[in-house]
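What the coordinates show
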Amino acid sequence: MTEVTLAVVGGGLRGLTYARRAHHTGAGRVVAVADPDPLRRAIFVEEFGIAPDRAHAGWEDLAAGGRVADAVVVATHDRLHTEPAVALADLGYHILLEKPMSTTEQEATRIADAARRNGIMLAVCHVLRYTSYTRAMRGLLEDGRIGRLVNVQHLEPVGWWHQAHSFVRGHWRRQDTSAPMLLAKACHDIDWLVHLFGRPPARVSSFGSLSHFRPEDRPAGAADRCLDCPIEPSCPYSAPRLYLGCLGDPSSEFWPLSAVTPGRTEADVREALRTGPYGRCVYACDNDVVDHQEVLMEFDDGATCSFTMSAFSPMEHRRTRLFGTHGYVDGDGRTLRLVDFRTGAEETITVDADEATSEVQGPSAADGHGGGDEGLTDAFLAAVASGDAGLLRSDADESLMTHRVVWAAEQARLTGTVVTL
Ligand SMILES: NC(=O)c1ccc[n+]([C@@H]2O[C@H](COP(=O)([O-])OP(=O)(O)OC[C@H]3O[C@@H](n4cnc5c(N)ncnc54)[C@H](O)[C@@H]3O)[C@@H](O)[C@H]2O)c1
């Protein structure tokens with residue numbers, strides 16, 4: 001296969017993940033990076049042999065030099081997707097764009113318009129579409145194994161420490177600097193459910209709130225930082241327990257620890273917890289995104305779907321139950337249990353394991369999202385190399401449509417109404 005040349009805008013955790021996969025498989029060669037953080041640029045220069053003059057301090061500098069690669073990964077923060085995506089689409093780059101597409105419908109529409117106008121391929125990083133588990137589940141539906149799909153129950157167990165890390169102390173804690181939780185996190189689930197049904201819902205409603213990580217839930221005697229806190233040892237959200245526990249494990253050192261500090265010693269972690277955002281008491285942060293949310297969807301044929309997102313769980317694979325006219329599927333992210341109503345027979349299907357490790361991968365970013373990160377990178381590079389957009393599981397317009405479902409659900413939650421799409 002032709003090697004695809006890649007530029008990376010935003011050389012953080014996600015940018016590095018896609019770049020490493022491209023490099024590892026040999027399907028892509030990283031030739032340029034843009035990131036204001038000199039440490040992150042240096043990692044790219046060193047790891048991928050990028051020429052120093054192709055390591056830029058921002059996406060604007062990269063764009064100013066014209067098109068230098070076949071494709072670009074845009075993995076900046078949520079509020080910095082639109083301008084680079086539109087400018088780089090106008091230069092003719094094919095684009096792998098991190099989710100959410102953008103934080104407003106107007107901006108996401110601009111991105112989809114730019115992709116169409118320039119005839120480029122633009123894949124939003126809805127990695128769940130690219131797992132073998134998803135392929136297997138869709139295969140059962142397409143083969144009619146459970147008849148007509150009547151309803152779906154879907155759970156996203158975010159995980160107690162993951163909620164504290166990303167959505168209480170971390171980048172995605174506030175709507176005004178990031179996005180509502182449904183957009184920042186569960187846009188994956190809404191996109192995946194629409195993919196499963198094969199069409200958007202006709203109506204949505206939603207409930208949810210920030211119920212726990214608030215000043216009024218702060219235990220008596222708790223300090224503003226875990227390192228000063230007398231009750232830290234008995235707190236489920238202890239930062240020292242979480243982050244010191246990452247040391248020595250390469251996967252946890254990459255995520256979540258890299259977000260906290262580039263250092264890898266106990267002194268580095270303690271310093272970051274003493275001075276940085278990740279050492280703060282979870283009851284004394286400036287967070288406002290929800291910690292639990294429900295979305296109900298009704299489809300044009302009367303089929304329904306309920307989706308639950310909760311912080312108050314272990315961090316695990318999503319769980320999904322499909323109720324059909326002729327059968328039932330219960331999926332836990334690794335296996336699918338199928339019950340056929342015609343025979344009463346039960347079948348357990350275990351999805352393909354990762355080729356390299358012979359294991360079904362875990363759900364977290366450190367695990368590659370159940371194989372989705374690798375699947376997406378490989379599909380995107382193959383699509384660019386061959387010019388075959390059919391290798392992608394969604395294009396810009398499809399992603400815009402599923403984001404619109406998210407915005408409709410969020411509107412329903414905020415207004416206490418049922419929103420018709
Ligand atoms: N698909 C998924 O499952 C998934 C998982 C986690 C995060 N994300 C999304 O990926 C995106 C990046 O998240 P992350 O965890 O990698 O964050 P990160 O902070 O590790 O990386 C973002 C990088 O962008 C850089 N940046 C800032 N301004 C820039 C500019 N003008 N030009 C170029 N680079 C600039 C920052 O310095 C930083 O290194 C976010 O939108 C996030 O929501 C997606």
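Here, the structure is the one placed above.
Report follows, based on the coordinates. (Residues numbered from 1 in each chain as written. Predicted model: local features only at pLDDT ≥ 70, side-chain atom pairs only at ≥ 80, totals over all residues. Heavy atoms only, no water.)

Brief notes about the packing of helix H9 (residues 187-197) against helix H14 (residues 396-415)
Orientation of H9 relative to H14, taken along the N-to-C sense of each, is 120°, at an axis distance of 9 Å. It follows that H9 is oblique to H14 by the angle criterion. Handedness of the crossing formed by H9 with H14: right-handed. Across the interface between the two elements, Cys187, Ile190, Asp191 and Val194 from H9 touch Met401, Thr402, Val405 and Val406 from H14. (Axes fitted to C-alpha atoms, helices over the stretch in contact; angles between N-to-C directions. Helix = DSSP H or I, 4+ residues; strand = E, 2+ residues; numbered from the N terminus. Parallel < 35°, antiparallel > 145°, perpendicular 65-115°, else oblique. Left-handed = near helix turned anticlockwise from the far one by under 90°. Contact = heavy atoms within 4.5 Å.)

Section: the sheet that holds strand E11 (residues 319-324)
The strand order across the open sheet built from 9 strands is E14-E13-E12-E11-E7-E10-E9-E8-E15, with neighbouring strands paired in mixed fashion. Of all the strands in the sheet, just strand E14 (346-350) and strand E15 (419-420) have a single pairing partner and so form its edges. Helix H6 (residues 132-142) rests against strand E7 (149-157), E11, strand E12 (327-331), strand E13 (335-340) and E14 of the sheet, and its axis sits at about 10° to E13. Together, E7, strand E9 (292-298), strand E10 (304-310) and E11 form the strand contacts of H9, whose direction differs from that of E7 by roughly 160°. (Pairing = 2+ DSSP bridges.)

Describing H9
When you tally the buried positions in H9, you get 11 out of 11 residues, the bulk of the element. Listed in full, the buried residues belonging to H9 are Cys187, His188, Asp189, Ile190, Asp191, Trp192, Leu193, Val194, His195, Leu196 and Phe197. Two residues or fewer past H9, glycine 198 is found with a positive phi of approximately 80°. (Buried < 20%, exposed > 50% of the residue type's maximum accessible area, 1.4 Å probe, protein only.)

Section: the pairing of E13
Alignment of E12 against E13, held across 5 bridges, turns out to be antiparallel. Each bridged residue has a counterpart across the sheet, and for valine 329 the counterpart in E13 is leucine 338. Where E12 folds back onto E13 in an antiparallel hairpin, the turn is made up of 3 residues, including glycine 333, whose phi is positive at roughly 90°. Both E13 and E14 contribute to a ladder of 5 bridges, which runs antiparallel. What sits directly across from arginine 337, in E14, is threonine 348. Remark: 5 residues form the turn of the hairpin made by E13 and E14, two consecutive strands paired antiparallel; glycine 344 in that turn has positive phi of roughly 75°.

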